[in-house]
Amino acid sequence: MTNEQAINFIQSEYDFDATSVNMARMFAMEDIIEYDVEEWVKMPISAGLAEFVEHCRHANEMVIPKYTDRRSYNSVEMEASLHDITNKMEQVMLAMQVYADIQEKIREKVQENYA
């Protein structure tokens, strides 16, 4: 399987309008381009998921001060802020699941090519 075939597969099979899917697609396609699909499918899934942890850490560093820099919050504002942060973190975790699924499916395709 070529990098182009892998990317075309991702774009056609994971064509959903969801933040988590778009994030997973982006990370998977970048990794395929960076490492080559044949090497990427040999990598442990934990290697790819580490990028999501770093992305989440960076996003939190940008977002949390936005909420904590204010002098005061009423309970409704605080609840809304916490729900927003929770939602963003959940999107990253869902993207990690989709990324793992993408790698597994492409690994199967690569193995089919060798069979």
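Preceding this section is the structure that the text describes.
Fair warning: this is a prediction, and the values are worked out from it, not measured in the lab. (Residues numbered from 1 in each chain as written. Predicted model: local features only at pLDDT ≥ 70, side-chain atom pairs only at ≥ 80, totals over all residues. Heavy atoms only, no water.)

On to unusual backbone geometry, then. One non-glycine residue, aspartate 36, lies in the positive phi region at around 80°. Looking at the element boundaries, aspartate 36 is found in the loop between α2 (19-35) and α3 (37-40). (Helix = DSSP H or I, 4+ residues; strand = E, 2+ residues; numbered from the N terminus.)

This next bit is on the nonpolar core. Within the largest apolar cluster, 27 residues are counted, with the highest numbers of intra-cluster contacts made by Ile32, Val37, Trp40, Phe52, Tyr99, Ile102 and Ile106. Those elements that place two or more of their residues in this core are α1 (3-13), α2, α3, α4 (45-68) and α5 (75-114). (Core = buried A, V, L, I, M, F, W, Y, C linked by side-chain atoms within 4.5 Å. Buried < 20%, exposed > 50% of the residue type's maximum accessible area, 1.4 Å probe, protein only.)

So, on to the packing of aromatic side chains. By the definition in use, this model includes 3 aromatic pairs. Note on tryptophan 40 and tyrosine 99: the rings are 5.7 Å apart at their centroids and 85° apart in plane angle, and the pair reads as edge-to-face. Of this pair, tryptophan 40 sits in helix α3 while tyrosine 99 is found in helix α5, placing the two residues 59 residues apart along the sequence. Assessed through its relative accessible area of 0%, tryptophan 40 is described here as buried. Judged by relative accessible area, tyrosine 99 falls into the buried class, the value being 1%. (Phe/Tyr/Trp six-rings, centres within 6.5 Å; stacked < 30°, edge-to-face > 60°.)

With that settled, consider the side chain of glutamine 91. For glutamine 91, the location among the structural elements is in helix α5. Contacts of glutamine 91, omitting those with residues within four sequence positions, involve Thr19 and Ser20. (Contact = heavy atoms within 4.5 Å.)

Taken by themselves, the reported measurements are silent on function.
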